[in-house]
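Structural overview for review
Residues per chain are reported as follows:
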Amino acid sequence: MNRPGSTIAAVATAVAAGVGSVAIVRISGPQAQAVGQRVFRPTGKRQPVWESHRVLYGHVVEPASGQVLDEVLLLYMQAPRSFTGEDVVELHCHGGVVCVQRVLEQVLTNGAEAAAPGAFSQRAFLHGRLDLTQAEAVAQVISARSRRAAGLALAGLDGGIERRIEGLRQQLLEQLAQLEAHLDFEDDLPPLRPEAVKKKIQEVAKNLSHLVKDSLQGQSLQQGLRVAIIGCPNVGKSSLLNYLGGRDRAIVTDLPGTTRDTLETEVVLRDVPITLVDTAGIREASNPVEKLGIARSRQVLKQVDLIILLFDVHLGWSEADQALANELPEDVPHLRVGNKVDLLDQSRYQANGGSNDALKSSLAISSITGQGMEAFTDAFFRCCGLTDLERLDISLNRRQTSMAQKAIEALIRLETTAQAGLPWDFWTIDLRDAIHYLGEITGKEISENILDEIFSKFCIGK
Ligand SMILES: Nc1nc2c(ncn2[C@@H]2O[C@H](COP(=O)(O)OP(=O)(O)OP(=O)(O)O)[C@@H](O)[C@H]2O)c(=O)[nH]1
Ligand SMILES: [Mg+2]
């Protein structure tokens, strides 16, 4: 991390070869204006007026030789009215990688140091421009892979997480204050009822538990799910991938053993980003290429959130399907889905009293006609534990969730203490712990190294 009080600079926009017509080099710190003045030459004869929030037009030059490096717009924002809360100069230059690098180099040789990952956001936090949950939400907004995920992240940016957690923390602080007052001035105060205190604390714990549960769903929404389609050859795995992806991504033929390698495609189902993995049909193969593909299919199963076990419902559930079902990893949820339902002779099937055993215990779909896809999608989300996505308003990230869980654990310990009838000072220990963990979420009680660690996970320029 950069020293506090230093002036830092980095490219604040996405850096990708040949993409984007404009890129921004951001300079932040007490020397920002001085650095800007060293490398910037206004066009025209009039001296530029360095007023806050005013745009200047000119060139970035190499100061010694006067060599022009790029044509830019310069935006000066005086502290504290900037993203970081410090003096900020932004150079809006041309987006080519070479241009941007040359401008950044000049800035770095004229008084600014390279910004560490997350340094701008960290300064915004340290100057009170953002609370910690808002700073973390910035990263989430940027990396959102669906509209819904972006909406959820924006709620965090708007301070939704801070308000919710701070509200709960305040309730715990009130209880702590009460307990401490009683420890100090027991005789002067009306007696405290353990039941009342316990009830308040249980309420907070319940609230936190709901929030953690929601957040696990929210994280799936943010990060997306990884889902493998697995099954015997020719059951229609690649066809299902193509159907869900809305395009012919995988090769489909009527020959068993068509897919030889795992193949991934990104789809968005009900606003959740999903990586679908098509795999080689599993069977006893003799062809060495197919064998390798099958080994990969098995490998994939260990690293997914859900396995779709596909079989051909018009052929029925076979021994081979059962053998495959038996070897699925136990800790990954799986969904049994019968494909090619359009081939079932409906009239004959119903005349038999609907006695296709394979159908009874599974979902039936057709990857050609789309039949049954709605029910399949419902089951899909249920299986992943995503049942009330629509209701979600805020979601903690992983770090925040683990702090919330620690707070809940502390409150559970407190309950045991209460059950055991231990004196008030024992209660305050766990209560303090819970308050501390909630404070770590919002940044109200957080050590410098943890902050450094949080912000270092951001990328450069944020
Ligand atoms: N009628 C019907 N045919 C289907 C359906 N799904 C797939 N098929 C056909 O079944 C054949 C095999 O489909 P694929 O998608 O290649 O099957 P696969 O499971 O990927 O096969 P491998 O890659 O060989 O393991 C193709 O001829 C598809 O057109 C379906 O729902 N209904
Ligand atoms: Mg295939």
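Throughout, residues of each chain are indexed from 1 in the direction in which the sequence is written. For naming, the first written chain is A and the first written ligand is 1, with later ones following in the order written. pLDDT decides what is reported in this predicted model: residues at 70 or higher carry local features, side-chain atom pairs at 80 or more are listed and counted, and totals for whole chains, interfaces and linings draw on all residues regardless. Working from all heavy atoms in the structure, the side-chain values ignore hydrogens and water.

Digging into the packing of aromatic side chains
Put simply, the rule reads: Planes of paired rings set the category: under 30 degrees apart is stacked, over 60 is edge-to-face and the rest tilted, where pairs are Phe, Tyr or Trp rings (Trp by its six-membered ring) whose centres lie within 6.5 Å. Using a 1.4 Å probe on the protein chains alone, a residue whose accessible area is under 20% of its type maximum counts as buried, one over 50% counts as exposed, and one in between counts as partly exposed. Strands here mean DSSP runs of E at least two residues long; helices mean DSSP runs of H or I at least four residues long; both are numbered from the N terminus. Note on criteria: charge over ring means Lys NZ or Arg CZ within 6 Å of the ring centre, with the direction from the centre no more than 35 degrees off the ring normal.
Inspection of every chain in the model, using the stated rule, returns eight aromatic pairs. Geometrically, the ring pair formed by Phe-311 and Trp-317 is edge-to-face, given 5.0 Å between the ring centres and 90 degrees between the ring planes. On the accessibility criterion, Trp-317 (24% relative accessible area) is partly exposed. Geometrically, the ring pair formed by Trp-424 and Trp-427 is edge-to-face, given 4.7 Å between the ring centres and 65 degrees between the ring planes. Note that Trp-424 and Trp-427 are positioned in helix α15 (residues 424-442) at a spacing of three residues, about one turn of the helix. The pair formed by Trp-424 and Trp-427 is uniform in burial state, with each residue classed as buried. Here the basic side chain of Arg-26 rests over the ring of Phe-120, its NZ or CZ set 4.9 Å away from the ring centre. Taking the ring centre of Trp-317 as reference, the NZ or CZ of Arg-336 above it sits at 3.9 Å.

Some details on the nonpolar core
A general feature of soluble globular proteins is that nonpolar side chains tend to end up buried together. Formally: Residue types Ala, Val, Leu, Ile, Met, Phe, Trp, Tyr and Cys, when buried and joined through side-chain atoms within 4.5 Å, form a set referred to as a nonpolar core. Throughout, a residue-residue contact means that at least one pair of heavy atoms, one from each residue, lies within 4.5 Å.
In terms of nonpolar packing, the biggest core is built from 49 residues, with Ile-274, Ile-308, Phe-376 and Phe-380 touching the most fellow members. Aside from chain neighbours lying at most four places away, what touches Phe-380 is Leu-225, Val-227, Leu-269, Ile-274, Leu-306, Ile-308 and Leu-335. One finds Val-212, Ile-394, Met-403 and Trp-424 within the second-largest nonpolar core, a separate group that totals 31 residues.

Remarks on the coordination of the magnesium ion (ligand 2)
Applied cut-off: Donor atoms are limited to N, O and S found within 2.8 Å of the metal ion, a distance that becomes 3.2 Å for Na, K and Ca. With water left out, some sites might look partial.
Coordination sphere of the magnesium ion (ligand 2), protein contribution only: Ser-238 (OG) and Thr-259 (OG1), at 2.0 to 2.1 Å. Residue Ser-238 is found in helix α8 (residues 237-245), and its partner Thr-259 is found in the loop between α8 and β9 (263-269); the two are separated by 21 residues along the sequence. Assigned by exposure class, Ser-238 and Thr-259 land together as buried.

What to know about the side chain of Glu-290
To keep it simple, the criterion reads: Whenever two N or O atoms come within 3.5 Å, that pair is a polar contact, provided that in protein one can donate a hydrogen and the other can accept it, and provided that, for residues adjacent in sequence, both atoms are side-chain atoms.
Relative to the helices and strands, Glu-290 resides in helix α9 (residues 288-300). Using a relative accessible area of 4% as the deciding quantity, one classes Glu-290 as buried. A distance of 2.7 Å separates polar atoms of two side chains, one belonging to Glu-290 and the other to Arg-283. When residues no more than four places from it in sequence are discounted, the contact partners of Glu-290 are Gly-257, Arg-260, Gly-281, Arg-283 and Ala-285.

Considerations on the sheet that holds strand β7 (residues 113-114)
Going by this rule: DSSP-based pairing: two strands are paired if at least 2 bridges between them are found. To obtain an axis, a line is fitted to C-alpha atoms, over the contacting stretch when the element is a helix, and the angle between two such axes runs from 0 to 180 degrees between their N-to-C directions.
Taken in spatial order, the seven strands of this open sheet run β3-β4-β5-β6-β2-β1-β7, and their pairing is mixed. The open sheet has two edge strands with one neighbour each: β3 (40-42) and β7. Note that strand β1 (residues 8-11) and strand β2 (residues 22-28) share four bridges and pair antiparallel. For Ala-10, the partnering residue across the bridge sits in β2 and is Arg-26. The strands touched by helix α3 (residues 119-126) within the sheet are β1 and β2, with β1 carrying the most contacts at an inclination of about 130 degrees.

Brief notes about unusual backbone geometry
A cis amide bond, omega 0 degrees, links Ala-79 with the succeeding residue Pro-80. In this fold, Pro-80 is placed in the loop between β5 (68-77) and β6 (88-94). Of note, Asn-234 is a non-glycine position whose phi angle comes to about 75 degrees, a positive value. Relative to the elements of secondary structure, Asn-234 occurs in the loop between β8 (225-231) and α8. On the basis of relative accessible area, Asn-234 is assigned to the partly exposed category, the value being 29%. You will see that Lys-340, though not glycine, has its phi angle at about 70 degrees, which is positive.

Regarding the site of ligand 1
For clarity, the threshold we go by: Neighbouring residues are identified by heavy atoms, a residue being near a molecule or strand if any of them is within 4 Å of it. Areas reported here follow the Shrake-Rupley algorithm with a probe of radius 1.4 Å; residue values treat only the protein chains shown as occluding. For this scheme, ten residues count as nonpolar: Ala, Val, Leu, Ile, Met, Phe, Trp, Tyr, Cys and Pro. Four count as charged, namely Asp, Glu, Lys and Arg, and the remainder, Gly too, count as polar.
In the neighbourhood of ligand 1, 23 residues make up the surrounding shell, with Lys-237, Ser-239, Gly-257, Thr-258 and Asp-342 lying closest. Within the contact set of ligand 1, an oxygen atom lies 2.9 Å away from a backbone nitrogen or oxygen of Gly-236. Interatomic distance of 3.4 Å between a backbone N/O atom of Thr-253 and an oxygen atom of ligand 1. Considering ligand 1 on its own, with 640 Å² of exposed area, one finds that the protein chains cover 89% of that surface. The leading source of residues in the shell around ligand 1 is α8, at three residues. Tallied by class, the residues present in the shell around ligand 1 amount to seven nonpolar, twelve polar and four charged.

Some remarks on the UniProt feature "binding site: K(+)" (unreviewed entry) in the protein chain
Worth spelling out the cut-off: UniProt positions are given in the numbering used here, feature names are shortened, and annotations may be inferred rather than shown by experiment.
Cross-referencing UniProt, the feature "binding site: K(+)" (unreviewed entry) maps to Asn-234, Thr-253, Leu-255 and Thr-258 in the present numbering. Over a stretch of 25 residues, the named residues converge on one spot in the fold, their C-alpha atoms separated by at most 8.1 Å. Apart from the residues within four sequence positions on either side, Asn-234 is in contact with Thr-253, Asp-254, Leu-255, Pro-256 and Lys-340. The topology assignment puts Thr-258 in the loop between α8 and β9. By relative accessible area, which is 27% here, Thr-258 ends up partly exposed. Setting aside residues up to four positions removed in sequence, Thr-258 forms contacts with Ile-251 and Thr-253.

Digging into the domain arrangement of the protein chain
Formally: All domain edges in this entry derive from an automatic or database-based domain assignment.
Taken as a whole, the protein chain is organised into domain 1 (8-131), domain 2 (147-220 + 395-456) and domain 3 (229-387). For domain 1 versus domain 3, the distance between C-alpha centres works out to 52 Å.

Things to note about the sheet that holds strand β13 (residues 363-364)
Judged by pairing direction, the sheet is mixed, and its six strands sit side by side in the order β9-β10-β8-β11-β12-β13 without closing on themselves. Looking at which strands have only one partner, the edges of the open sheet turn out to be β9 and β13. Packed on one face of the sheet, helix α13 (residues 373-383) meets β8, β9, β10 (272-278), β11 (306-312), β12 (334-339) and β13 and runs near 165 degrees to β12.

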